Amino acid sequence: MGAHAELIKRVTLAIEDPELPRLTPGLTTRISLQVGPEKSSLAVGGGIVALDGADENADVILSAPDGAWEKVMQVPPPATYHSFTAFQLANPEFTLSGSPVAIAQARPALERLFEIVVASPPLVAPKVDRNIEQVTGRYKRVEVGGVEHDIFYEEAGAGTPILFLHTAGADGRQFLPQLSDTGFARTNRLISVDLPFHGRSMPPLTWDGSPYQLTTDLYLTWCTAILDQLVGDRAIVVGGSMGAAMCMVLAAERPERLMGVIAVEPPLKSKGRRNPFQHNVNVHGSLHNSAYVRGIMSPLSPQEERRRASWIYSQGAPGVYPGDLSFYSDEFDGAVVGPKIDAKRTPTVLLSGTYDYSATPADGAALAALIPGSRHVVMEGLGHFPMCENPDYFRSFLQDAIRFVEDNG
């Protein structure tokens, strides 16, 4: 079967997906899929996605040579051939045309469709014993530069303090699989915070309603206050993506407060995450942003876990995700921060997933070269959110990283 025929066969099955009506409310658009010279179109309207012949006047056109589409339909597909947003941002074999607004409005449907098209058997990992009832949530009033912040955090276990820092635009729920892990809780005090403006941590009462923008200095000040006033002891800090970048800033600037750091999907200089439709009145931000991050997960992670991971992004306050990217995508530079880290004093582990096109394994290797004595581990088959998109498979990587920090601290 040729690449076009196989693609249409898979798309025909995918458009019956019960999730699509939730992702396309009020959307009317036409999408053309072009496989070499062959073309087929999708019509979206009234919550229904249907194949509808070839359309030269489609609103969104996605095209690539036959060979590129053949890679998409491999089981599993190679990295950057695994999602719609990967095609757009990280794969030069694909050409995407259409108005930027039309593409952004269609992203939720296209991301879910290709999630089904590339479906592969999930990575197998030993079942982890978890008890969600061991996790407790509470508020702590933390003073930051004379301003009071009501910080929500969740906690479980007792022992070595481990502070988890969430990704840009998300909140501490990303680490519920680790906090509910009965094995980790036996020997560690597990703490996951919602940063101010995120999740259940409200903006401070002094906020004047102006656009939210995160900077290195502000983020570092928040985390220093959280370590001092909430954790109250030297800790291992585990951060994902934006949190991974802050792990490295903390290791460089506040090593006396740390036992070590574990940077999960650490960026070198991640310029590609900003998108003008993350906060735009013409696009449904909750649908767009949850789809935007869905594309950076692994096709080998369980769909139910990926769906939960993207759900968190559907609930971020307007402007917070792009506001975080002011730090993560605009300001942070691993080439500047990395050489400041003394890994002999602050054991440093870098964990990179092979399906992550934002913070790639090559980025992790480059960072490791800038931090002598650090440990870099490539996590085959994982994406940008391994702690919540595939927590069972991620567990062994995190466990080994914690041991490395403890053995070298």
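Residues numbered from 1 in each chain as written. Predicted model: local features only at pLDDT ≥ 70, side-chain atom pairs only at ≥ 80, totals over all residues. Heavy atoms only, no water.

To continue, consider the packing of helix α8 (residues 216-231) against helix α9 (residues 242-253). Angle between the axes and distance between the axes are the two parameters that describe a pair of packed helices. Two numbers describe how α8 lies on α9: the axes approach to 10 Å, and their chain directions differ by 75°. The orientation of α8 with respect to α9, classified from their angle, is roughly perpendicular. Contact residues: Thr216, Tyr219, Leu220, Cys223 and Leu227 in α8; Met242, Gly243, Met246, Val249, Leu250 and Glu253 in α9. A breakdown of the residues in the contact of α8 with α9 according to their chemical character gives eight nonpolar, two polar and one charged. (Axes fitted to C-alpha atoms, helices over the stretch in contact; angles between N-to-C directions. Helix = DSSP H or I, 4+ residues; strand = E, 2+ residues; numbered from the N terminus. Parallel < 35°, antiparallel > 145°, perpendicular 65-115°, else oblique. Contact = heavy atoms within 4.5 Å. Nonpolar A, V, L, I, M, F, W, Y, C, P; charged D, E, K, R; others polar.)

Turning our eyes to something else, we now look at the domain arrangement of the protein chain. By convention, interface size is frequently given as the accessible area that disappears when the constituent parts associate. Per the domain assignment, the segments making up the protein chain are domain 1 (3-118) and domain 2 (136-407). With 24 residues of domain 1 at the interface, the matching set in domain 2 holds 22 residues. For the pair domain 1 and domain 2, the summed buried area comes to about 2000 Å², and 63% of that belongs to carbon and sulfur atoms. It is His82, Arg107 and Glu115 that lose the most area in domain 1 upon contact with domain 2, and together they represent 26% of the buried surface on that side. In this assembly, domain 1 and domain 2 are joined by four salt bridges. Put simply, Arg307 and Glu19 hold a salt bridge, and the shortest N to O gap is 2.9 Å. Where domain 1 touches domain 2, the interface holds 10 residue pairs in polar contact (both at pLDDT 80 or more). Among the elements that make up the side of domain 1 that touches domain 2, the one with the highest residue count is helix α5 (residues 100-117) (nine residues). (Domains from an automatic or database assignment. Buried area = accessible area lost by both parts, 1.4 Å probe. Salt bridge = Lys/Arg side-chain N within 4 Å of Asp/Glu carboxyl O. Polar contact = N/O pair within 3.5 Å; in protein donor to acceptor, adjacent residues only side chain to side chain.)

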